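Residues per chain are reported as follows:
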Amino acid sequence: MEKSNYFLKELGYIKDGKLHDAACRLIEELPDYFFEVAASSTGKYHPSYALLEGGLLRHTKAAVRFAYELLADPSIGNKYTAHEQDLMLIALMVHDGFKHGRKKEQYVKFEHPLIIAEEIEQKGESLGFSREDVLFLKAVISSHMGPWTTNSYSDVILPAPKTKYENFVHMCDYLASRKCFLLSFDDKNDIID
């Protein structure tokens, strides 16, 4: 199965056909483990739907769904162009794409936002993104951890969100990791409407 098939519903939110196709190609670049691992090994930072097998995929789909619902509200969505909305949705689809490193490591790599940003820098234009789109995606993904820019297990310092785009992507990721928002899934991949 093509990896982008896991995101058929979410890819349907993208309005621009060229960005849709580039997003499909970008998703195909994600490591196989992304579709299998839990979002959290301890359960400390994610709700129950994001735990166990496929949890990272469910967390990611939840973050995209939060973005989609927020952007549907004109008081929020009208602050962004359709192109910016599409890019933020794409960023959320891949923001944790290398959460355990380029090759699956036992533990989460704190610098995972920088790893996927580097992948987009290296391959983004060949996948169909413009240079401006690559820079946008790198910025919003690199800063998706919000104020949590340091970790005692790493000497890496992640960038904090500064722009409205970076803050929006962080907010959606944050909401998808809160235990107070319980989303229902009809199987390991889809959120029930």
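Within any chain, residue numbers begin from 1 and follow the written order of that chain's sequence. Residue-level local features of this predicted model are given only where pLDDT is at least 70; pairs of side-chain atoms are given and counted only at 80 or more, and the full residue set underlies all totals for whole chains, interfaces and linings. Side-chain metrics rest on all non-hydrogen atoms present in the structure, leaving aside hydrogens and water.

## A word on the overall build of the chain
The helix count covers DSSP runs of H or I at least four residues long, the strand count covers runs of E at least two residues long, and both are numbered beginning at the N terminus. Helix and strand counts for the chain come out as 8 helices and 0 strands. Secondary structure elements of the chain occur, N-terminal to C-terminal, as α-α-α-α-α-α-α-α. Here the radius of gyration uses the C-alpha set of atoms, whereas the globule reference equals 2.2 Å times the residue count to the power 0.38. Compactness check: the chain gives a C-alpha radius of gyration of 15 Å against a globular reference of 16 Å for 193 residues, within 12% of the reference. Reported as C-alpha extents along the three principal axes, the dimensions of the chain are approximately 40 × 40 × 35 Å. Only protein chains enter the accessibility calculation, which uses a 1.4 Å probe. A residue is then buried if its area is under 20% of the maximum for its type, exposed if over 50%, and partly exposed in between. Expressed as a percentage of the 193 residues in the chain, the buried residues total 54%. By the convention used here, residues are in contact when the closest approach between their heavy atoms is within 4.5 Å. Across the chain, the fraction of contacts at a sequence separation of at least 24, relative to all contacts at a separation of at least 6, is 64%. Shrake-Rupley sampling with a 1.4 Å probe provides the accessible areas, and residues are treated as covered by the protein chains on show and by no other component. In the form shown here, the chain has an accessible surface area of approximately 9300 Å², with 54% of it arising from carbon and sulfur atoms. The charge count treats Lys and Arg as positive and Asp and Glu as negative. His and the chain ends do not count. Every charge is mapped to an atom, namely NZ of Lys, CZ of Arg, CG of Asp or CD of Glu. With 23 positive and 29 negative side-chain charges, the chain shows a spacing of 4 Å between the two charge centroids.

## Considerations on the packing of aromatic side chains
Given two aromatic rings, one states the distance between the centres and the angle between the planes to describe the pair. In summary, the pairing rule links any two rings of Phe, Tyr or Trp, Trp by its six-membered ring, whose centres are within 6.5 Å, and it sorts them by plane angle into stacked for under 30 degrees, edge-to-face for over 60 and tilted for everything else. In this structure the tally under the stated criterion is 10 aromatic pairs. The interplanar angle of 25° and the centroid separation of 4.7 Å between the aromatic rings of tyrosine 6 and phenylalanine 35 together place this pair among those described as stacked. Placement of tyrosine 6 in the segment before α1 (8-11) and of phenylalanine 35 in the loop between α2 (17-28) and α3 (55-72) is noted, with a sequence separation of 29 residues between them. No difference in accessibility class separates tyrosine 6 from phenylalanine 35, as the two residues are buried. Ring plane angle 10° and centroid distance 3.7 Å describe the contact between tyrosine 13 and tyrosine 68, whose orientation is recorded as stacked.

## Regarding the pattern of salt bridges
Just to be clear on terms, a salt bridge is a Lys or Arg side-chain nitrogen sitting within 4 Å of an Asp or Glu carboxyl oxygen. Within the structure shown, the criterion is met by 13 salt bridges. In this structure, glutamate 29 engages lysine 123 in a salt bridge whose closest nitrogen and oxygen atoms are separated by 3.0 Å. Separated by 94 residues along the polypeptide, glutamate 29 in the loop between α2 and α3 and lysine 123 in helix α6 (residues 112-127) bring together distant segments of the chain. On the accessibility criterion, glutamate 29 (34% relative accessible area) is partly exposed. A salt bridge links lysine 109 to glutamate 105, with the shortest nitrogen-to-oxygen separation between them at 3.7 Å. Judged by relative accessible area, glutamate 105 falls into the partly exposed class, the value being 37%.

## Regarding unusual backbone geometry
Trans peptide bonds make up most of the peptide bonds, and negative phi angles are found at most residues other than glycine. The phi angle at leucine 52 is positive, at roughly 65°, despite the residue not being glycine. Residue placement: leucine 52 occurs in the loop between α2 and α3. Note on leucine 52: relative accessible area 68%, which makes it exposed.

## Some thoughts on the side chain of histidine 144
Within the fold, histidine 144 resides in the loop between α7 (131-142) and α8 (164-176). The exposure class of histidine 144 is buried, given its relative accessible area of 0%. Polar contact is the term for a pair of N or O atoms within 3.5 Å; when the atoms are in protein, one must be able to donate a hydrogen and the other to accept it, and sequence-neighboring residues count only if both atoms are side-chain atoms. Engagement of the side chain of histidine 144 in a polar contact is seen with the side chain of aspartate 96, the distance being 3.1 Å. Look past the residues within four positions of histidine 144 in its chain and what remains in contact with it is His95, Asp96, His112, Pro113, Val169, His170 and Asp173.

## Section: the nonpolar core
Nine residue types can take part in a nonpolar core, namely buried Ala, Val, Leu, Ile, Met, Phe, Trp, Tyr and Cys, and a core is a set of them joined through side-chain atoms within 4.5 Å. Counting 54 residues, the largest nonpolar core has Phe7, Met93, Val94 and Phe129 as its most contacted members. The set of elements that each furnish at least two residues to this core consists of α2, α3, α5 (82-94), α6, α7 and α8.

## Focus on the environment of lysine 179
In this fold, lysine 179 is placed in the segment after α8. The class for lysine 179 is partly exposed, based on a relative accessible area of 49%. Separated by 87 residues in the primary sequence, lysine 179 and leucine 92 place their C-alpha atoms 19 Å from one another. The residues touching lysine 179, leaving out its near neighbours within four places in the chain, are Gly43, Lys44, His46 and Pro47.

## Section: the packing of α6 against α7
Helix axes are fitted only over the stretch in contact, all axes being lines through C-alpha atoms; the angle between N-to-C directions runs from 0 to 180 degrees. In contact at an axis separation of 9 Å, α6 and α7 are set at 175° when each is read in the N-to-C sense. In terms of orientation, α6 and α7 fall into the roughly antiparallel class. Taken together, the residues of α7 that come into contact with α6 (itself represented by Pro113, Leu114, Ile116, Ala117, Ile120, Glu121, Gly124 and Glu125) are Arg131, Val134, Leu137, Lys138, Ile141 and Ser142. Note on residue classes: Ala, Val, Leu, Ile, Met, Phe, Trp, Tyr, Cys and Pro are nonpolar, Asp, Glu, Lys and Arg are charged, and everything else, Gly too, is polar. Its residues placed into classes, the contact of α6 with α7 shows 8 nonpolar, 2 polar and 4 charged. Roughly parallel means an angle under 35 degrees; roughly antiparallel, over 145; roughly perpendicular, 65 to 115; everything else is oblique.

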